[in-house]
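# Understanding the architecture of this molecule
If you want the building blocks of each chain, they are given just below.
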Amino acid sequence: MTGEYSPAVVADLNSMATAAAPLWGLSPKTTATLMSLSENATFRLDDPDSGRRLSLRLHRQGYHRTEEIRSELMWINALRQKKIIDTPAPLPGRDGDILHVLPSPTGLAPRRAVAFDFVPGDMPTPDDHDLTRWFSTLGALTARLHDHTQSWPLPNGFVRKRWDVSAMIGEVSYWGPWQASLGLPAEGRRIFQRASDRIHTTMAAYGTASDRFGLIHADLRLSNLLVDGDALRVIDFDDSGLSWFLYDFAAAISFHEQHPDVRLWEDAWLDSYQQLRRLSPQDLAVLPALKMARRLLLTAWLASHSEIPLAQELGSDYTSGTVELAEAFLSA
């Protein structure tokens, strides 16, 4: 593994997380366990003296600015205050600040860090026989989230990324260009270009009026959901930003777009969503374009994050699947 999360960097982050425990009132005996290595590195901190446990997110270099991270935490706190959804609380340190910069014990780059309550739950999986039920729950939850964002005045200084087509698959391409997709053949490149052109045209015609575009989670995929009994919790607002509301469904099926039950999940999500927020035929008509944009975005993301385990697991097979989905999108 090379790049952002080489073995040396991961070891450094582990030491950094352990050393930072006293910032949140944990004892020096606290241990750090890597839970997730994706856009960021997330550790579980366990203090054997107090029995306290929390999650510590160490931010990837060069992705978010300080004001963007603070804005994410403002939104989470607003959602918790209004009891819109069940999501872990950001935890201020002993100094009262919610965001810290941790030094590297080995002289590597420092990292921005945020701690959260550790909450119980298991990530739902595509093989879970209850997954259609959870997509129904997620549809209602997402509708409540969108209702909140349309009524919540953004605080002064609030800054989050704008996930429009340019940011996803165009000139900005925050997660890298789709042209660099792993194992992309020449014909696949031509198909991707045609799909990209259609997405641009479709979404430009749909527009960004406030009834369809606003602050969203933008990454409600299965790995950011926790099932605990009858409760569904949402975690990781790190990619939240301004985008089309229906993009939240496109993100929800991330990495499982070709699963045989995906249409059942979509129907369940839409049915529950529309019980709270009606969708027009124009809204529904752009959903295929948003799903295709998300898939192209993820295909590019795997290439630009090739050192993480998920990218190594999926590799060029995911690109091949994206070509198949793009062909189907263009022929519909």
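Keep in mind it's a predicted model, so treat the numbers as computed, not measured.

### Here we look at the environment of Y273
Structurally, Y273 is set in helix α7 (residues 262-276). A relative accessible area of 1% places Y273 in the buried class. Spatially, the C-alpha atoms of Y273 and S136 are 7.9 Å apart, while their sequence positions differ by 137 residues. Ignoring sequence-local partners within four residues, the contact set of Y273 consists of G139, A140, T142, A143, H146, F245 and L279. Reaching out from Y273, the side chain makes a polar contact with the side chain of H146 at a distance of 2.8 Å.

### Focus on the packing of aromatic side chains
Under the defined criterion, the tally for this structure stands at 13 aromatic pairs. Counting every residue linked through ring pairs, the aromatic cluster contains W163, Y174, W175, F255, W301 and Y318. A cation sits over an aromatic face here: K161 above Y63, 4.7 Å from the ring centre. Directly above the aromatic system of Y174 lies the positively charged group of K161, at a separation of 5.3 Å from the ring centroid.

### Remarks on the packing of helix α5 (residues 186-206) against helix α9 (residues 287-304)
Interaxial distance between α5 and α9 falls to 10 Å at its minimum, and their mutual angle equals 135 degrees. Compared by their axis directions, α5 and α9 come out oblique. Here the hand of the crossing between α5 and α9 comes out left-handed. Of the residues in α9, those touching α5 at F192, A195, S196, I199, T202 and M203 are A289, L290, M292, A293, L296 and T299. Taken together, the residues of the contact of α5 with α9 sort by class into nine nonpolar, three polar and no charged.

### Things to note about the pairing of strand β1 (residues 31-37)
Pairing of β1 with strand β2 (residues 41-46), which is carried by six bridges, proceeds in the antiparallel orientation. Directly across from L37, in β2, lies its bridge partner A41. What sits between the antiparallel neighbours β1 and β2 is a turn of three residues.

### Thoughts on the environment of L58
Mapped onto the elements, L58 comes out in strand β3 (residues 53-58). Sequence spacing of L58 and L287 is 229 residues, and the spatial spacing of their C-alpha atoms is 33 Å. Residues within four places of L58 in sequence aside, it is in contact with Y5, L13, M16, A17, N40, A41, F43, L102, R111, R112 and A113.

### So, the pattern of salt bridges
Applying the stated criterion to the full structure yields 23 salt bridges. The closest approach of N and O atoms between R60 and E39, which form a salt bridge, is 3.7 Å. Residue R60 is found in the loop between β3 and α2 (66-81), and its partner E39 is found in the loop between β1 and β2; the two are separated by 21 residues along the sequence. Accessibility assignment for this pair places R60 and E39 in one class, buried. Of the charged contacts, one joins R162 and D164 as a salt bridge, the two residues approaching to 3.5 Å between their closest N and O atoms. Given a relative accessible area of 38%, R162 falls into the partly exposed group. One network of salt bridges, in which partners are shared, links R65, E67, E68 and K161.

### Overview of the packing of helix α3 (residues 131-151) against α7
It is at 7 Å that the axes of α3 and α7 come closest, and there the two elements cross at 35 degrees. With respect to the hand of their crossing, α3 and α7 are arranged in right-handed fashion. Facing α3, whose interface residues are L131, T132, F135, S136, L138, G139, A140, T142, A143, R144, H146 and D147, α7 presents L264, W265, A268, W269, S272, Y273 and L276. Here the contact of α3 with α7 is composed, by residue class, of 11 nonpolar, six polar and two charged.

Rules of the game
Residues numbered from 1 in each chain as written. Predicted model: local features only at pLDDT ≥ 70, side-chain atom pairs only at ≥ 80, totals over all residues. Heavy atoms only, no water. Helix = DSSP H or I, 4+ residues; strand = E, 2+ residues; numbered from the N terminus. Buried < 20%, exposed > 50% of the residue type's maximum accessible area, 1.4 Å probe, protein only. Contact = heavy atoms within 4.5 Å. Polar contact = N/O pair within 3.5 Å; in protein donor to acceptor, adjacent residues only side chain to side chain. Phe/Tyr/Trp six-rings, centres within 6.5 Å; stacked < 30°, edge-to-face > 60°. Lys NZ or Arg CZ within 6 Å of the ring centre and 35° of its normal. Axes fitted to C-alpha atoms, helices over the stretch in contact; angles between N-to-C directions. Parallel < 35°, antiparallel > 145°, perpendicular 65-115°, else oblique. Left-handed = near helix turned anticlockwise from the far one by under 90°. Nonpolar A, V, L, I, M, F, W, Y, C, P; charged D, E, K, R; others polar. Pairing = 2+ DSSP bridges. Salt bridge = Lys/Arg side-chain N within 4 Å of Asp/Glu carboxyl O.

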